[in-house]
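# What the coordinates show
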Amino acid sequence: MKDTIERAVTSAVEDLTKRGLLPPGSGDAATVSIPQNKEFGDYATNIAMISASRAKKSPREIASLIRGELEQRNDLFSEVTIAGPGFINFTVRPELWIKVLDDIHEQGTAYGCSAYGQGRKVQVEFVSANPTGPLHIGHGRGAAVGDTLVRIMKTAGYEVQAEYYINDIGNQMNLLGLSVLSRYRELFDQGISFPENGYQGEYIRTIASELTRIHGEGLLALDHHEAVHVCREYAARSILEGIKDDLIRFEVHFDNWFSESSLYDQHKVDETLEHLKTSGLSYENDGALWFRTTRFGDEKDRVLRKQDGSLTYFAPDIAYHRDKLERGFTKIIDIWGADHHGYVPRMRAAIQALDSEPESFHALLIQLVSLVRDGKPVSMSTRSGEFVTLREILDEVGTDAARYFFLMRRCDSHLVFDLDLAKKKTEENPVFYIQYAHARICSILRNAAELGLAPDMSQVDRTLLEQDDDLDLIKVLATYPDVLVSCAADLEPHRVAFYLLELATEFHRFYNKNRVISESGPGTMARLVLVDAVRQVLVNALALMGIVAPESM
RNA sequence: GCGCCUGUAGCUCAGUUGGAUAGAGCAACGGACUUCUAAUCCGUAGGUCAGAGGUUCGAAUCCUCUCAGGCGUGCCA
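What counts, and at which threshold
- Residues numbered from 1 in each chain as written.
- Chains lettered and ligands numbered in written order.
- Predicted model: local features only at pLDDT ≥ 70, side-chain atom pairs only at ≥ 80, totals over all residues.
- Heavy atoms only, no water.
- Helix = DSSP H or I, 4+ residues; strand = E, 2+ residues; numbered from the N terminus.
- Buried < 20%, exposed > 50% of the residue type's maximum accessible area, 1.4 Å probe, protein only.
- Contact = heavy atoms within 4.5 Å.
- Areas by Shrake-Rupley, 256 points an atom, 1.4 Å probe, with all protein chains shown as cover.
- Lys, Arg positive; Asp, Glu negative; His and termini not counted.
- Charge placed at Lys NZ, Arg CZ, Asp CG, Glu CD.
- Phe/Tyr/Trp six-rings, centres within 6.5 Å; stacked < 30°, edge-to-face > 60°.
- Salt bridge = Lys/Arg side-chain N within 4 Å of Asp/Glu carboxyl O.
- Polar contact = N/O pair within 3.5 Å; in protein donor to acceptor, adjacent residues only side chain to side chain.
- Near = heavy atom within 4 Å.
- Nonpolar A, V, L, I, M, F, W, Y, C, P; charged D, E, K, R; others polar.
- Pairing = 2+ DSSP bridges.
- Axes fitted to C-alpha atoms, helices over the stretch in contact; angles between N-to-C directions.
- Domains from an automatic or database assignment.
- Buried area = accessible area lost by both parts, 1.4 Å probe.

## Quick word on the overall build of chain A
What chain A contains, in helices and strands, is 20 helices and 15 strands. In terms of its C-alpha atoms, chain A occupies a principal-axis envelope of roughly 85 × 65 × 40 Å. Counting only residues that meet the buried cut, chain A has 51% of its 553 residues in that class. Looking at chain A alone, contacts between residues at least 24 apart form 71% of all its contacts between residues at least 6 apart. Accessible surface for chain A amounts to roughly 25800 Å². Of this, 48% is attributable to carbon and sulfur atoms. Distance between charge centres in chain A, computed from 60 positive and 81 negative side chains, equals 3 Å.

## Here we look at the packing of aromatic side chains
For the structure on display, the rule yields 23 aromatic pairs. Taking 5.7 Å as the distance between ring centres and 75 degrees as the angle between the ring planes, the aromatic pair formed by phenylalanine 314 and tyrosine 343 counts as edge-to-face. You can see phenylalanine 314 sitting in helix H13 (residues 314-326) and its partner tyrosine 343 sitting in the loop between strand S11 (331-337) and helix H14 (344-353), a full 29 residues away along the chain. Pair check on accessibility: phenylalanine 314 and tyrosine 343 agree, each one buried. The interplanar angle of 50 degrees and the centroid separation of 6.0 Å between the aromatic rings of tryptophan 336 and phenylalanine 361 together place this pair among those described as tilted. With a gap of 25 residues between them, tryptophan 336 in strand S11 and phenylalanine 361 in strand S12 (residues 361-366) connect regions that are remote in the sequence.

## So, the side chain of arginine 346
Along the chain, the position of arginine 346 falls in helix H14. In contact with arginine 346, other than residues within four places in its own chain, are Thr293, Asp298, Arg302 and Phe314.

## Structural notes on unusual backbone geometry
Trans is the common state for peptide bonds, and a negative phi is the common state for residues other than glycine. The residue valine 127 is not glycine, and still its phi comes out positive at about 60 degrees. Examined against the element boundaries, valine 127 turns out to sit in the loop between strand S5 (121-125) and helix H6 (137-155). Despite not being glycine, serine 128 shows a phi value in the positive range, around 45 degrees. Looking at where serine 128 falls in the secondary structure, it is placed in the loop between S5 and H6. For serine 128, a relative accessible area of 13% corresponds to the buried category.

## Notes on the side chain of arginine 141
Tracing the sequence through the fold places arginine 141 in helix H6. Look at arginine 141: it is buried, it has no salt bridge, and the nearest opposite charge is aspartate 412 at 6.9 Å. For arginine 141, the side chain forms a polar contact with the main-chain oxygen of arginine 410, separated by 2.9 Å.

## Digging into the protein's contact with RNA strand B
Lining the immediate environment of RNA strand B, one finds 65 residues, of which Glu427, Tyr433, Tyr436, Ser443 and Asn447 sit closest. Expressed as a percentage, the sugar and phosphate content of the atoms of RNA strand B within 4 Å of the protein is 63%. Measuring from a sugar or linking oxygen of RNA strand B, one finds a side-chain N or O atom of glutamine 172 at 2.7 Å. Within the contact set of RNA strand B, a phosphate oxygen lies 3.0 Å away from a backbone nitrogen or oxygen of tyrosine 313. Sorting the residues of the surface near RNA strand B by element identifies strand S4 (87-92), helix H7 (171-186), strand S9 (288-291), helix H17 (430-450) and helix H19 (494-513) as the ones contributing at least two each. Among the elements that make up the surface near RNA strand B, the one with the highest residue count is H17 (8 residues). Within the surface near RNA strand B, the residues separate by chemical class into 24 nonpolar, 24 polar and 17 charged.

## Topic: the sheet that holds strand S10 (residues 302-305)
In spatial order, the strands read S8-S9-S10; together these 3 strands make up an open sheet with antiparallel pairing. Each edge of the open sheet is held by one strand with a lone partner, namely strand S8 (282-285) and S10. Each adjacent strand pair in this sheet contributes to an overall mean axis angle of 40 degrees, direction not counted. Sheet topology note: the S8/S9 ladder contains 4 bridges and is antiparallel. Looking at S9, one finds that serine 282 is bridged to phenylalanine 291.

## Remarks on the domain arrangement of chain A
If you check the domain split of chain A, you get domain 1 (2-92), domain 2 (126-265 + 367-423) and domain 3 (426-545). Counting from both sides, the interface comprises 21 residues of domain 2 and, opposite them, 20 residues of domain 3. Of the roughly 1800 Å² buried where domain 2 meets domain 3, counting both sides, 72% is carbon and sulfur surface. Viewed at the interface, domain 3 and domain 2 are joined by 0 salt bridges. Seen at the junction of domain 2 and domain 3, the total is 7 residue pairs in polar contact (both at pLDDT 80 or more). Only H6, helix H15 (390-407) and helix H16 (419-423) provide two or more residues apiece to the side of domain 2 that touches domain 3. Per-element tally for the side of domain 2 that touches domain 3: the top contributor is H6, with 7 residues.

Here it is in structure tokens:
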């Protein structure tokens, strides 16, 4: 609907420009929006104010010119008014609103989709947790945000790939092997000192005891290096399996699992370092190899190869992003914990060093999650291994509530996750409130079916849907495609969560004021079609969030 | 020290890239069940948008400074 209004405004402006009444480019930067106050109509545009200085006319004067054009569009508008400093307000004809119901019934699960992304190839890389421990609650937020963003961008017409980068090589993997071996030997009273900064979690002991079932005391006889290797490989595989299980249960899907070690196998890291060298972007100093990130606005140059000859984490990461670019993605979205924000400038520098536009790279930073139970914060510390795992959260509140809660805040805002609230089966809990709206509609449709009634748009007397209550509900349904475009454009999936709450609220209000199935009159069919459309949009939006739409509760 | 993020109703947070009288949910208070699910709805109250300047027709939004909280500032990953 917003599209339609925008097109009408644009064509009116173009018309006036052709007739010399407005200077060229007057429509630039103007917006069409929904006014906060319903009295101003359904949509409004600020174009007269925006173009006033360039046209050397007063906003009101321009507004009345445009109004003159748009008033002729009585196929669209029942009223066009000028208000305030120069807003042009539109009231859309009821018939047009009712056509939204046709769209929903025709498009079904595809309602909300658009061609906004024009098929551009996008990659979203998220979670990418090291296979050194189970997913914790912070990964859960990243997983929910990333997965929902992927789903949203698909509906917005992008070709999207979801990828998980597995850091399956490097110091932390050796540390993992050492940690497991240490716990393994403890089980035979042949303890070796636990490595400094080793992985402390209980899961390490579990893995160690699994190794005793497989190998008995066999690992004791191996030389140290060999034993660490066995422990490392087993632990990494076992932990990664666990991560995959958790993600499946969390309804999070990946198209590709990208192994860091494959970059070395295919000499991608060397090639990348060579590329930087020949581009004159790296240099030796103090026995280390440096990357001139300052050339691209970073505050200091960064080390690629350390004095001891080993590479930093950064080096393969550049190779990894080079590989992404080679795979043809025009938009690369990395979802990281907010504690990595210092890493963004150097990664953006790397993208530019690889001859790509800095705008093609987007880092979405996910802020911390803190848990609250009984109104008190739950303490968490990664260092001591006392973090709360995603699995524990899913066991306690379930997938639906967890996904909604992780998505109900903007990414860069701290999230307070109230475990008690997430479990409540009352209106206080937004997940429940939204799912209940869906279940209620299904119940109505079941009752209608018993009377032999099924929603059928072709049997509807459309004038019966022109009541304010009906139109209020339809207007919320009509904004859904716009919400999805804005989510995709701004990479802000939380807006779907807010939209769902708004739609559910509007439905419950409608439900309390209007009886859908009444004994007499054709209004029943009209309202059945209306609530069925609400059901469809609830289903579509919940699907994007990975939340079940229950038919009864 | 420098940099990034955050600061909006009692609480948790939105605010469509600068628009009209700043919104929602929860909590509080007062109402609504002869009813398709009251697991709901309606109403009331609640604000110096952290503070001070500035930019302009117009600022929660942009710029500068101050304050508060979080994070970063590794040849860790």
